[in-house]
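# Residue-level structure breakdown
Below are the chains, spelled out letter by letter.
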There are 4 protein chains.
Amino acid sequence: MVVSHIGLVGLGKMGNNMRERLRHGGIEVTGYDPRPEVTDVPDLAALVAALPEGRRVVWVMVPAGEPTRGVVTELGGLLSEGDIIVEGGNSHYPEDQERAAELAGKGIGYVDVGVSGGVWGLENGYGLMVGGDPELVDHLMPVFDALRPDGPREEGFVHAGSVGAGHFAKMVHNGIEYGLMQAYAEGYELLAAKDIVTDVRGTMKAWTRGTVVRSWLLDLMVRALEEDPRLAAIDDWVDDSGEGRWTVDEAIDLAVPLPVISAALFARFASRQEESPAMKAVAALRQQFGGHAVKPAGPASPGAGPLEPPA
Amino acid sequence: MVVSHIGLVGLGKMGNNMRERLRHGGIEVTGYDPRPEVTDVPDLAALVAALPEGRRVVWVMVPAGEPTRGVVTELGGLLSEGDIIVEGGNSHYPEDQERAAELAGKGIGYVDVGVSGGVWGLENGYGLMVGGDPELVDHLMPVFDALRPDGPREEGFVHAGSVGAGHFAKMVHNGIEYGLMQAYAEGYELLAAKDIVTDVRGTMKAWTRGTVVRSWLLDLMVRALEEDPRLAAIDDWVDDSGEGRWTVDEAIDLAVPLPVISAALFARFASRQEESPAMKAVAALRQQFGGHAVKPAGPASPGAGPLEPPA
Amino acid sequence: MVVSHIGLVGLGKMGNNMRERLRHGGIEVTGYDPRPEVTDVPDLAALVAALPEGRRVVWVMVPAGEPTRGVVTELGGLLSEGDIIVEGGNSHYPEDQERAAELAGKGIGYVDVGVSGGVWGLENGYGLMVGGDPELVDHLMPVFDALRPDGPREEGFVHAGSVGAGHFAKMVHNGIEYGLMQAYAEGYELLAAKDIVTDVRGTMKAWTRGTVVRSWLLDLMVRALEEDPRLAAIDDWVDDSGEGRWTVDEAIDLAVPLPVISAALFARFASRQEESPAMKAVAALRQQFGGHAVKPAGPASPGAGPLEPPA
Amino acid sequence: MVVSHIGLVGLGKMGNNMRERLRHGGIEVTGYDPRPEVTDVPDLAALVAALPEGRRVVWVMVPAGEPTRGVVTELGGLLSEGDIIVEGGNSHYPEDQERAAELAGKGIGYVDVGVSGGVWGLENGYGLMVGGDPELVDHLMPVFDALRPDGPREEGFVHAGSVGAGHFAKMVHNGIEYGLMQAYAEGYELLAAKDIVTDVRGTMKAWTRGTVVRSWLLDLMVRALEEDPRLAAIDDWVDDSGEGRWTVDEAIDLAVPLPVISAALFARFASRQEESPAMKAVAALRQQFGGHAVKPAGPASPGAGPLEPPA
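In what follows, the accompanying structure is described. What you see is a predicted model, and the numbers here were worked out from it, not measured in a lab.

## Quick look at the interface of chain A and chain B
Contacts between the two partners involve 74 residues from chain A and, on the opposite side, 74 residues from chain B. A combined buried area of about 6100 Å² lies between chain A and chain B, and 69% of that area is made up of carbon and sulfur atoms. Among the residues of chain A in contact with chain B, Leu190(A), Arg209(A) and Val212(A) are the three that bury the most area, contributing 12% of the side total. Counting across the interface, chain A meets chain B through four salt bridges.

Listed below in structure tokens is the structure:
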């Protein structure tokens, strides 16, 4: 029996767009969200009841951690042998492995999917990285085909490996993303700091065709600069969603050197500090050994005396 | 008078392809190269003589440093007031500034162009970053239009600023390139190190549409993996062309933090070391303070004794 | 009742030296080790039986992980309410917290101690970082005083905080150690790479008095260079004991930027790779886009052609 | 003829202390400084005139760059064949090589000395790294012996190599110093961020004896924490004196990987930025692709909606 109707839990920005793309692709979707104004059914029990008998499929698209755990646990009590839960959020892959083992005891299948594409996915399609049993993945192909970008299947979809491999691949994807963004950002800062470069925005725009560094992220960078050429309205405060941290943790576990991705992660941490305890410590050390200029909390530091070399 | 015929010095892989693209674009090209089998004229004097009277344009496309300096100096003696030298190689931008000042004394114009696109440029067009006097740049636009990718001019061409700005922009472009490549490479290594990921090539291919990390470099990565899924025939030895070094030097000069691009540069340095003096020093230190396992030059290190915690 | 006799489990290089220092300090020690040639008693039961009634103290000094877990579990079955287990190995601090909670159910106290000093501790004393209940720490002070270096107590001993804080402090100590060693090692490599510096060993030796960088590690570096001026007999392969990894993991968890310590850790990972998958990927990318020189697995790469600028 | 009287140009904090230590060591010193209240003579000509006939020695101790260049040039006009200029500031070593070549034309010797020890040098002695002709260095030994720390000569003095090697060694010394300070600083921040560690100052103090990380910088760190346990009065703004930059520049020139020292340098650059253009760029990118929370310049960012996974 071919899948033609699924449940979808979580109708935030991502889930809502995915529901729309699935429907355009010919998949019937019953959606659930706690917000009455967007949900199709009042609760998860009603969602499950709305799905056709046979092999029910429920796609979970809620934040990683507690929310996902709660939904999957509740679904585990509502679904039956042969049904399938698809975890499309950003779960940490070891949790997928735990959940899959638990649900296997009840005969419920579990497939993890890393979904990339952000708010642009509705139009462009979503890049999908899938982990799980091949039989389950085969069964779900109509759903994946509706979500993925148009074009050859293998350019927007992969069955990356066993349970957890989908989210592992997405985690690495996001780790790479951190590195790419930081590389463009460093280049941007360098261009902006140089007096002889009078057209930073134009320079980055000129890279969007024909060059080695052309990419979708570069297109977005240009788009941001066209809206705000000096990024004057943007604060230099950058959150991190957890997947960058997991990527570095994983690299440490596997003894894989990750200098660029870790540097990008640490730059985000630093961006959120009001003040840096480490740099206070360095300043304190310099003050101790050499009477180096230290910027006190209050007014400007006085100039050094004449004819005085540093220590 | 519109430019319709230029000289081109250097007919290597880049120069030869550029000659072809220029001719397709309606620009007549007289090319010079020391190799008789590819050159159109026997020497630079003959090249200059072959150009139409008026405002002669010679594009120099030879390796940075000595070769470029030699050609530009020789051309400075052959050209006259009003003529223009275009330096399309990868010169360090301060050299552009020196040369432009020297040639200005003779009334010869100098424009620097960073050219991106590699062997693919013949087909896709070349991304062009240009530095120099606006009047000269305007005069050269037909040449730039023939070389740049099809599509809107501003997506493959920029007049980035005064003399040197073209090569500065290309230098930053290459620095970013180092960071991007290292980010993908780290992600590749992490995928390849993880047992649950059974399709590394397929995973990276699935990123080529719809995802945040899609780019031309990713396409090339997939292409490399399709030729050689484990990169078994490739040595882990990576050269650097100089522009990455200049990028970090420049950042240091401008006090711009560049953690990602510098890490990518240092990874290349390390890739070329037969052995690392620094890591020998760390190993020696560990041996000194704790009797830690040190791998001697010869046979395998003996196992540690039982019940022995590290120092 | 003042502690004057303790049990010590693990008589490897560290444990054996500690037994000797404790005895010199007036603490009676009954030691256990599976190796008959060094042990004082045949098994843990005999060790416990050999201790004076009242408040028995057993110091565990075996490798972190399974060995420590096994010994602590077994001791938990042999000891009674009021007794104290001191974990002096390099346990990860969350394990301390778990064990302390378990043993608290039986009324057995648990104190974690980070011990620094390596093979030099016998002579110089051991730096001690202690975590646990103040009452327990007070009770153990005679043992700590025997082990710590001579001089003011606070220069070689700290009660850093609650259970786990001792090993947390030792973990951070080791993370710092990674950074310090790498800093000296990078400096060493730079000196050794420079032709005008003809006396690398002498230069580092001259830093051992009066300079800002003088330290015990520098003394050891000089010692290593005096034994082997070019470190010719040392392989550039550096192990890591786990605490460096935990330090970076912890920083990620607490969102603390750790660029230096993480770079030192990654340098160790890289030092142990036969070849770098990441750098193979970078080499493959360069080959794809520009026909850059790639060093094939076999013979030397051919020189580039004449007059050919890089892409 | 043994040196027993020298000229000293520059009587700032360093020069003044050095004059005092030299005098204690039995070297007569005539000092010059533009500030009337500290100088011994009205100008450089008077300084030179005050020195005994034969082989005059003038030690220059003024800031690197223009000030040093000016003084050395003026001295070159006042001194004669056989006299010696000692450059004890922090000149970049290539400048030493240029100056030495110029002065050699007049028969004036030039020796470069890297001096370490800061304000503590008066009491502890100064670590000295010397570059230059062996005959000149031998001649100056009485001066070096007066300045260096007590104890074996080779523990506070080195003739590191030819002209420039002294300042090269000092440059590397300072690069290492950057790495060491950052390592301690990162460890400090991690300790301070952890709730179970209740005595950060005590922990670092307990490292000052017996541990692997003990050093003079650690002593200073403890001293700073004893004055101000949370470094509350210290700003997290850290200057850099130029030698850290030169160290990384040199590593790039020699293709030596320098991940730790460069990271420490970049952390200082970042510490001085009011806002980070690079992190603004990363924030802008995240906003473009995913509607990620961006902290606007003004009020706090609103919370994300319910059930919404990150892109």
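## Details of the side chain of Gln182(A)
Topologically, Gln182(A) is positioned in helix H8 (residues 165-193). The residues contacting Gln182(A), other than those within four sequence positions of it, are Ala264(A), Ala267(A), Pro259(B), Val260(B), Met279(D) and Val282(D).

## So, the relation of the copies chain D and chain C
For the pair of chain copies, the relating operation is a rotation around an axis with a shift along it. Between chain D and chain C, the superposition needs a rotation of 180 degrees and an axial shift of 0.0 Å, giving an RMSD of 0.0 Å. Read as a symmetry element, the transformation amounts to a two-fold axis. Of the C-alpha atoms belonging to chain D, the one lying closest to the rotation axis is found on Ser215(D), 2.0 Å away. A share of 100% of interface residues in chain D that are also interface residues in chain C marks the association as one of identical surfaces.

## Considering the sheet that holds strand E3 (residues 57-60) of chain D
Residues and elements named next belong to chain D. The seven strands are arranged E2-E1-E3-E4-E5-E6-E7 in an open sheet whose pairing can be described as mixed. The open sheet is flanked by strand E2 (28-32) and strand E7 (157-161), the only strands paired with a single partner. Direction aside, the axes of adjacent strands within the sheet are offset by 25 degrees on average. Taken together, the five bridges between strand E5 (residues 109-116) and strand E6 (residues 127-131) define a ladder with antiparallel strand orientation. Looking at E6, one finds that Val 113 is bridged to Val 130.

## Considerations on the relation of the copies chain A and chain B
Rotating chain A by 180 degrees about the axis while translating it 0.0 Å along that axis superimposes it on chain B, leaving an RMSD of 0.0 Å. A shared binding surface is used by both copies, with 100% of the interface residues of chain A retained as interface residues in chain B.

## Digging into helix H1 (residues 13-24) of chain B
Residue and element names in this part refer to chain B. Look at H1: 17 Å from first C-alpha to last across twelve residues, which is about the 16 Å you get at 1.5 Å a residue. Taken together, the buried positions of H1 are occupied by Met 14, Gly 15, Asn 17, Met 18, Arg 19, Arg 21 and Leu 22. At the exit of H1 stands Gly 26, carrying a positive phi of roughly 90 degrees.

Procedures and definitions
- Residues numbered from 1 in each chain as written.
- Chains lettered and ligands numbered in written order.
- Predicted model: local features only at pLDDT ≥ 70, side-chain atom pairs only at ≥ 80, totals over all residues.
- Heavy atoms only, no water.
- Contact = heavy atoms within 4.5 Å.
- Buried area = accessible area lost by both parts, 1.4 Å probe.
- Salt bridge = Lys/Arg side-chain N within 4 Å of Asp/Glu carboxyl O.
- Helix = DSSP H or I, 4+ residues; strand = E, 2+ residues; numbered from the N terminus.
- Least-squares fit on C-alpha atoms with pLDDT ≥ 70 in both.
- Pairing = 2+ DSSP bridges.
- Axes fitted to C-alpha atoms, helices over the stretch in contact; angles between N-to-C directions.
- Expected span 1.5 Å × (residues − 1).
- Buried < 20%, exposed > 50% of the residue type's maximum accessible area, 1.4 Å probe, protein only.

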